[in-house]
Amino acid sequence: MTLLAIETSCDETGVAVVRDGKILSNVVSSQTKLHAGYGGVVPELAAREHLRNLIPVAKSALHEAGISIEQLDAVAATQGPGLPNALLVGFKAAQAVAFALNKPFVGINHHEAHLYSPWISGEPPVADFSKFQTNISLIVSGGHTMLVLVESELKHRVLGSTIDDAAGECFDKTGKMMGLAYPAGPEIDKLAEQGNPKAFDFPRPLLNDVSDDFSFSGLKTSVRYFLRDNPALLDDAQKIRDLCASVQAAIVEVLVKKTIRAAKRNAVRCVTASGGVTCNRALRNELSRACERENFKLLLADKVLCTDNAAMIGVLAERKLLRQVPLPLLDEEIKPGWALA
Ligand code: KG4
Ligand code: ZN
C-alpha cells in the first residue's frame, strides 16, 4: 500500500510517502527561523507558511519517493491536536487529494502518531512492528509532555501529562531568561555539555508524586527568581553553562524517573520516547542508563523522527488501514483540541 501523509499541526510542514512500512520520503520544512524573532510560534504566520510551503514540499516528497500521484492508494493527514489554521492547511489539502483520486482518507491524532515513531529505524527507514511489545511511551516536546501505556498496536491509555508547561517549553522559557534564542532547547543541550549539573539546585516538580503527571512551571519560576537574585551570573560564560546543565538535569531527572516508575508499576519491559525534547543528549543518555539498569528494552525515536514529521503520520495511517479501523468521512473537520485518551 502506498500512502501520502501530511503534517501541519504546528510549525513544521511535513509530507511523506510510505509504502508497506517503508519511508520512501520524508520531507520537512521547518519554520523555526521565521518564529525565532517572535520568541515562539505565531499561529497566523505558521498557517501562511504552510500554505506557501505545502505544494513544494509535497512535490519533493513525491519526487524523492519516485511516485506519481496516481500511484497512491490512500492519503492521510494530522487531524489534531494543533493550531487550528495550521491544521486546516494540511488536512483540507489531503482531503482534496483523496477526493480527486477517489482513494481512502485517514485523519490521524498527532500524539498517537508519536507513539509509533520510535519503531521506525534504519536507512532507508522502515517501521518494524514484528517485535512490538507493550511499552511505556514518553512523548516530550514543546507542546506536550505525556506518559502513555501502549498495550498493543493501536491500543493505548494516557497515564499522565503535564498540568502546566511542557518540558520543551521549560527549556525554551528558561533559555530565554538566559538570553538564548528560541527555541533554546538545542542550545541548552550544547552549553550544558561543558557545565556542572550539580552547580545549582533546582526543584524536581512532582518527582515523588504518586501520579504520572508532570509540572514544569515551578521550575521555570525558580530559575526566574534565581536570575533575579544573581543577575551577574549571566556575565560569566562558565556560569551560564553550569546553569544550563543544572536546569537540564532537573528536567531530565523528572522525565527519566517518572518514566521508569510508570514502566515498573505497569509491569512492562519496554520504554519508548519521541518528541523534540527526545533529541536532548542528556535525556537520551540518562534514559538509556536507567533502562539498562532495569533491563528494559529502550527505543528512542531517530533524531529526524523526534521532531514533527509526516512519516509517523503515514506509518500509523497505514496500520489503521490494514486493520480496517473505521475511516472518517471525507467531509470531517479538524480537531484542534483532540486529546489522546
Ligand atoms: O516536537 P517539536 O519539534 O515540536 C513541538 O513542540 O511539537 O519539539 C520542539 C521542542 C522545543 O521546545 C525545543 O526546544 C525542544 O523540542 N528541543 C530540545 C532539543 N531539541 C529540540 N530540547 C532540549 N534539548 C534538545 N536537544
Ligand atoms: Zn509533536
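Residues numbered from 1 in each chain as written. Chains lettered and ligands numbered in written order. Predicted model: local features only at pLDDT ≥ 70, side-chain atom pairs only at ≥ 80, totals over all residues. Heavy atoms only, no water.

Q: Explain the coordination of the zinc ion (ligand 2) here, please?
A: In an ideal tetrahedron of four donors about a metal, each angle is 109.5 degrees. In an ideal octahedron of six donors, the angles are 90 or 180 degrees. For the zinc ion (ligand 2), the full set of protein donor atoms is His-110 (NE2), His-114 (NE2) and Asp-308 (OD), at a range of 2.2 Å. Sequence positions of the donors to the zinc ion (ligand 2) reduce to the motif H-x3-H-x193-D. Of this pair, His-110 sits in helix 4 (residues 110-116) while Asp-308 sits in the loop between helix 10 (303-306) and helix 11 (311-322), and the two are 198 residues apart along the sequence. Judged on exposure class, the residue His-110 and its partner Asp-308 are both buried. (Donors = N, O, S within 2.8 Å, 3.2 Å for Na, K, Ca; no water. Helix = DSSP H or I, 4+ residues; strand = E, 2+ residues; numbered from the N terminus. Buried < 20%, exposed > 50% of the residue type's maximum accessible area, 1.4 Å probe, protein only.)

Q: Even after reading the chapter, I still don't get the site of ligand 1, so can you show me in this structure?
A: Inspection of the region around ligand 1 gives 18 residues, with Gly-142, Asp-172, Asp-189, Gly-276 and Asn-280 positioned closest. For ligand 1, an oxygen atom lies 2.6 Å from a polar atom in the side chain of Asp-172. Asn-280 is positioned such that a nitrogen or oxygen atom in its side chain is 3.0 Å from a nitrogen atom of ligand 1. Within the complex, the protein chains bury 89% of what would otherwise be the 550 Å² of accessible surface of ligand 1. Spatially, ligand 1 is embedded in the largest pocket. Counting residues per element, the ones that place at least two in the shell around ligand 1 are helix 5 (167-177) and helix 6 (185-192). Taken together, the residues that form the shell around ligand 1 break down as five nonpolar, nine polar and four charged. (Near = heavy atom within 4 Å. Polar contact = N/O pair within 3.5 Å; in protein donor to acceptor, adjacent residues only side chain to side chain. Areas by Shrake-Rupley, 256 points an atom, 1.4 Å probe, with all protein chains shown as cover. 1 Å grid on protein atoms, 1.4 Å probe; cavity = no way out; pocket = protein on both sides within 12 Å on 5 of 7 lines; lining within 4 Å. Sits in = over half its atoms within 2 Å of the grid points. Nonpolar A, V, L, I, M, F, W, Y, C, P; charged D, E, K, R; others polar.)

Q: Honestly, the nonpolar core in this entry has me stumped. Any pointers?
A: Taken as a class, soluble globular proteins show a tendency for nonpolar side chains to be buried jointly. The biggest cluster of nonpolar side chains holds 48 residues, and the ones touching the most others in it are Phe-202, Phe-216, Leu-243, Ile-251 and Leu-255. Of all the secondary-structure elements, those providing two or more residues to this core are strand 8 (135-140), strand 9 (145-152), helix 5, helix 6, helix 7 (217-229), helix 8 (237-265), strand 11 (270-274) and helix 9 (281-294). Looking at which element gives the most residues to this core, the answer is helix 8, with 14 residues. Setting aside residues up to four positions removed in sequence, Phe-202 forms contacts with Leu-219, Ser-222, Val-223, Phe-226, Leu-243, Ser-246, Val-247 and Ala-250. (Core = buried A, V, L, I, M, F, W, Y, C linked by side-chain atoms within 4.5 Å. Contact = heavy atoms within 4.5 Å.)

Q: Honestly, the environment of Leu-159 in this entry has me stumped. Any pointers?
A: Examined against the element boundaries, Leu-159 turns out to sit in strand 10 (residues 155-161). Along the backbone, Leu-159 and Val-148 are 11 residues apart, and their C-alpha atoms lie at a distance of 5.3 Å. Look past the residues within four positions of Leu-159 in its chain and what remains in contact with it is Ile-136, Leu-147, Val-148, Leu-149, Asp-212, Ala-262 and Asn-266.

Q: Which parts of the structure should I look at to understand helix 7?
A: The periodicity of an α-helix, 3.6 residues per turn, causes residues three or four positions apart to be oriented the same way. Its 13 residues place the ends of helix 7 19 Å apart at the C-alpha level, agreeing with the 18 Å of an ideal helix rising 1.5 Å per residue. Along helix 7, the residues that are buried comprise Leu-219, Lys-220, Val-223, Phe-226 and Leu-227. End-on, the buried residues of helix 7 take up no more than an arc of 120°, which puts them together on one face. Exposed positions of helix 7 whose direction lies more than 90 degrees from the buried face are Arg-228 and Asp-229. On its buried face, helix 7 is in contact with helix 5 and helix 8. (Expected span 1.5 Å × (residues − 1). Arc of directions from axis to C-beta.)

Q: Would you mind showing me how to read the state of the cysteines here?
A: This model, assessed by the stated rule, comprises zero disulfides. In this structure Cys-244 is not part of a disulfide, and its nearest cysteine sulfur, from Cys-170, lies 12 Å away. Free cysteine: Cys-279, not disulfide-bonded; nearest cysteine sulfur from Cys-306 at 4.4 Å. (Disulfide = S-S within 2.5 Å.)

Q: I tried to follow the packing of helix 6 against helix 8 on my own but got confused; where do I start?
A: In a packed pair of helices, the relevant descriptors are the angle between the two axes and the axis-to-axis distance. Packing of helix 6 against helix 8 leaves a shortest axis separation of 8 Å and a crossing angle of 115°. By the criterion of interaxial angle, the relationship of helix 6 to helix 8 is roughly perpendicular. As helix 6 runs across helix 8, the sense of the crossing is left-handed. For the pair helix 6 and helix 8, the contacting residues are Ile-188, Asp-189, Leu-191 and Ala-192 in the first and Ile-240, Arg-241, Cys-244, Ala-245 and Gln-248 in the second. By residue class, the composition of the contact of helix 6 with helix 8 is six nonpolar, one polar and two charged. (Axes fitted to C-alpha atoms, helices over the stretch in contact; angles between N-to-C directions. Parallel < 35°, antiparallel > 145°, perpendicular 65-115°, else oblique. Left-handed = near helix turned anticlockwise from the far one by under 90°.)

Read these as geometric descriptors, not functional statements.
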